[in-house]
Amino acid sequence: MKAVVLKAINELELAEVERPEPGPGFSLIRVLACGICGTDRHIYKGEYPSSKPVILGHEFGGVIEEVGPSSKFKVGQLVSIDPNIVCGKCPDCLAKRTAFCPELTALGVNINGGIAEYVLTPDSQIYPVAAGLNPLHLAFIEPLACSIRGMDLAALKGGERVAILGGGVIGLLVVQLAKLAGASEIVLVTRQKFRRDVALKIGATRVVDPKNEDVSQVVTGMDVTFECAGAVDTFKQSQVITRRGGCVIVLGLTAADTNLEINPFSIVVNELRIQGSFLNPLTQSRAAELVSSGKLNLDILISKVVDLDGVQAVLDTPPAEGDIKYIVCP
Ligand code: NAP
């Protein structure tokens, strides 16, 4: 089978590799779609740790091609995959904090992933989706599961004023989740006009261009702010624009060695809750259900679809202005 293998930092190969056979507890997935995200770019450049050689791709789904003995799955089923594999037995897993499992490994990071014709997948990671789902939508289920984790931590009840900083895939999924959760106001702050226009079509009630407006002046008193940019500026803004007693959900990843000054006094007297949100602990199944329901506008987020031959060019070039999501269809 064909696969995109990361052989070393900055070295990819579209290789012919042996097609795996599923043993007990495993299935072979024929990949229909795999998203490319910022983490893949970081892995490629050596800025995020991964095994090498490894087949990249952690946002994927497809059709079950072969099952292992006594499998509960059926050949031909359309499925999404949770790439994050945990032990299920450690104190963190038992307490449902699976993102902190010390044994955590991920398809497409430490184990061969979805930028390939086929992937050998543990059955524990497989989530069926509606038959007939647009296969391209499979690429959104993992990032949506991470966004749903942020929503869980925000615990919106309806009627809240919500700000979202950063209009990439995560920010634009959170816009749609906030709308479904009944937020009364949804303000999206992002620099690219195309993304602001998309946000207005999918649920934002107001958009702000941080290059032309002072975010901390024009966005104030938010009940919940989602930091989805992974930038120092937006992290600082999030604390200023959130109301006293409000909550900042930090989804965006800065570089691991980024530090900045905070004002502890202000956090105390404002009872500000600054809450990190990491990966998709126990949210993949709800993400698969929500994508299957057709309630999200995902087509508007798809900028380019490439085959395996096109992956190198995508990873060698920064996303073009206005582009949101690139998907590989092997
Ligand atoms: P993305 O496509 O890079 O989107 C982030 C966007 O934020 C940028 O494209 C940029 O859009 C905007 N931005 C950057 N600086 C800004 C600023 N100063 N003010 C306003 N907007 C700014 O990435 P993504 O896939 O949506 O992911 C978002 C973040 O979440 C990333 O840091 C990613 O690593 C992280 N992430 C975290 C988890 C988790 O489990 N916590 C899971 C997946 C991803 P404009 O050019 O339009 O400003």
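What counts as what
- Residues numbered from 1 in each chain as written.
- Predicted model: local features only at pLDDT ≥ 70, side-chain atom pairs only at ≥ 80, totals over all residues.
- Heavy atoms only, no water.
- Helix = DSSP H or I, 4+ residues; strand = E, 2+ residues; numbered from the N terminus.
- Rg over C-alpha atoms; globule rule 2.2 N^0.38 Å.
- Contact = heavy atoms within 4.5 Å.
- Areas by Shrake-Rupley, 256 points an atom, 1.4 Å probe, with all protein chains shown as cover.
- Lys, Arg positive; Asp, Glu negative; His and termini not counted.
- Charge placed at Lys NZ, Arg CZ, Asp CG, Glu CD.
- Expected span 1.5 Å × (residues − 1).
- Buried < 20%, exposed > 50% of the residue type's maximum accessible area, 1.4 Å probe, protein only.
- Pairing = 2+ DSSP bridges.
- Core = buried A, V, L, I, M, F, W, Y, C linked by side-chain atoms within 4.5 Å.
- 1 Å grid on protein atoms, 1.4 Å probe; cavity = no way out; pocket = protein on both sides within 12 Å on 5 of 7 lines; lining within 4 Å.
- Points joined across faces, edges and corners; volume = space filled by probe spheres on them.
- Nonpolar A, V, L, I, M, F, W, Y, C, P; charged D, E, K, R; others polar.
- Near = heavy atom within 4 Å.
- Polar contact = N/O pair within 3.5 Å; in protein donor to acceptor, adjacent residues only side chain to side chain.
- Phe/Tyr/Trp six-rings, centres within 6.5 Å; stacked < 30°, edge-to-face > 60°.
- Lys NZ or Arg CZ within 6 Å of the ring centre and 35° of its normal.
- Axes fitted to C-alpha atoms, helices over the stretch in contact; angles between N-to-C directions.
- Parallel < 35°, antiparallel > 145°, perpendicular 65-115°, else oblique.
- Left-handed = near helix turned anticlockwise from the far one by under 90°.
- Domains from an automatic or database assignment.
- Buried area = accessible area lost by both parts, 1.4 Å probe.

S.K.: Can you walk me through the overall build of the chain in this structure?
M.R.: Scanning the chain from N- to C-terminus turns up ten helices and 18 strands. Relative to the globule expectation of 20 Å for 330 residues, the C-alpha radius of gyration of the chain, 20 Å, shows essentially globular dimensions. If you line up the chain on its principal axes, its C-alpha atoms span 60 × 40 × 40 Å. Looking at the chain alone, contacts between residues at least 24 apart form 70% of all its contacts between residues at least 6 apart. Counting only carbon and sulfur atoms, one obtains 52% of the accessible surface of the chain, whose full area is about 14,900 Å². Averaging the locations of the 31 positively and 36 negatively charged side chains of the chain gives two centres separated by 6 Å.

S.K.: I tried to follow helix α4 (residues 169–180) on my own but got confused; where do I start?
M.R.: Helical periodicity: at 3.6 residues per turn, an α-helix aligns residues three or four positions apart in one direction. With twelve residues, α4 extends 17 Å from end C-alpha to end C-alpha; this agrees with the ideal 16 Å at 1.5 Å per step. Burial analysis of α4 places nine of its twelve residues in the buried class, the great majority of the element. Taken residue by residue, α4 has V169, G171, L172, L173, V174, V175, Q176, L177 and A178 as its buried positions. G182 occupies a position one or two residues after α4 and carries a positive phi of about 90°.

S.K.: I keep staring at the sheet that holds strand β4 (residues 54–55) and nothing clicks. Help me out?
M.R.: The sheet built from three strands is open, its strands ordered β2-β1-β4 with antiparallel pairing. Bordering the open sheet on either side are β2 (11–16) and β4, each of which pairs with just one other strand. Bridge analysis of strand β1 (residues 2–8) against β2 gives six bridges, and the strand direction is antiparallel. Within β2, the position partnered with V5 by the bridge is E13.

S.K.: How should I be thinking about the nonpolar core in this particular structure?
M.R.: Note on soluble globular proteins: their nonpolar side chains tend to be buried together. Among the nonpolar cores identified, the biggest contains 49 residues, and L144, V162, I164, F226, I249 and L301 are the most heavily contacted of them. Taken together, the elements giving at least two residues each to this core come down to α3 (141–154), β11 (161–165), α4, β12 (185–189), α5 (193–202), β14 (222–227), β15 (242–250) and α9 (284–293). Each residue touching F226, except ones within four places of it in the same chain, is listed here: G150, M151, A154, V162, A163, I164, L165, V174, I249 and L251. Counting residues in hydrophobic clusters, the runner-up holds 30 residues, among them I81, V109, V119 and L308.

S.K.: Can you help me understand the layout of surface pockets in this one?
M.R.: In this approach, a probe sized like a water molecule rolls over the atoms, and the result shows the empty space that is left. The computed volume of the second largest pocket comes to approximately 270 Å³. Lining the second largest pocket are 18 residues, with D82, N84, V86, Y127 and L282 positioned closest to its centre. Secondary structure elements with two or more residues in the lining of the second largest pocket: β7 (84–85) and α9. Among the residues forming the lining of the second largest pocket, the class breakdown is eight nonpolar, nine polar and one charged.

S.K.: What's the story with the site of the ligand in this structure? I'm lost.
M.R.: The environment of the ligand is made up of 23 residues, and the closest members are T190, R191, R195, S277 and L279. With respect to the ligand, the side chain of R195 contributes an N or O atom lying 2.7 Å from an oxygen atom. In this structure, L253 approaches the ligand through a main-chain N or O atom, which is 2.9 Å from an oxygen atom. Protein chains shield 81% of the accessible area of the ligand, which is 900 Å² for the free molecule.

S.K.: Is there a simple way to explain the packing of aromatic side chains in this structure?
M.R.: To describe a pair of aromatic rings, one takes the distance between the centres and the angle between the planes. In this structure the tally under the stated criterion is zero aromatic pairs. A cation over an aromatic ring shows up here: K304 above the ring of Y326, its NZ or CZ 5.0 Å from the ring centre.

S.K.: Mind showing me how you'd approach the sheet that holds β12 here?
M.R.: One key point about sheets: their strands pair by backbone hydrogen bonds, in either a parallel or an antiparallel sense. Taken in spatial order, the six strands line up as β13-β12-β11-β14-β15-β16 in an open sheet, and their pairing is parallel. Of all strands in the sheet, those bounded by a partner on one side alone are β13 (206–208) and β16 (273–276). Pairs of neighbouring strands in the sheet enclose a mean axial angle of 20°, with direction left out of account. Here five bridges tie β14 to β15, and the two strands are oriented parallel to one another. Its bridge partner lying in β15, V224 is registered against C247. In the packing of α5 onto the sheet, contacts are made with β12 and β13, and the angle to β13 comes to roughly 165°.

S.K.: How do you make sense of the packing of α3 against α9 when you look at a structure like this?
M.R.: When two helices pack together, their arrangement is captured by the angle between the axes and the distance separating the axes. Two elements in contact, α3 and α9, have axes whose closest approach is 8 Å; the angle formed by their N-to-C orientations is 115°. One way to sum up the angle between α3 and α9 is to call them roughly perpendicular. Judged by the twist between their axes, the crossing of α3 over α9 is right-handed. The residues of α9 that touch α3, namely those facing I141, E142, L144, A145, I148 and D152, are Q284, R286, A287, A288, L290 and V291. Residues belonging to the contact of α3 with α9 are distributed by class as follows: eight nonpolar, one polar and three charged.

S.K.: I tried to follow the domain arrangement of the chain on my own but got confused; where do I start?
M.R.: Many authors give the size of an interface as the accessible area that is lost as the parts come together. According to the domain assignment, the chain contains domain 1 (2–143 + 280–328) and domain 2 (144–276). A separation of 27 Å is found between the C-alpha centroids of domain 1 and domain 2. Taken together, the 22 residues of domain 1 in the interface contact 20 residues of domain 2. Between domain 1 and domain 2, the buried area comes to about 1,900 Å², and carbon and sulfur atoms account for 71% of it. On the domain 1 side of the contact with domain 2, P143, I300 and I324 bury the most area, a combined 28% of that side's loss.

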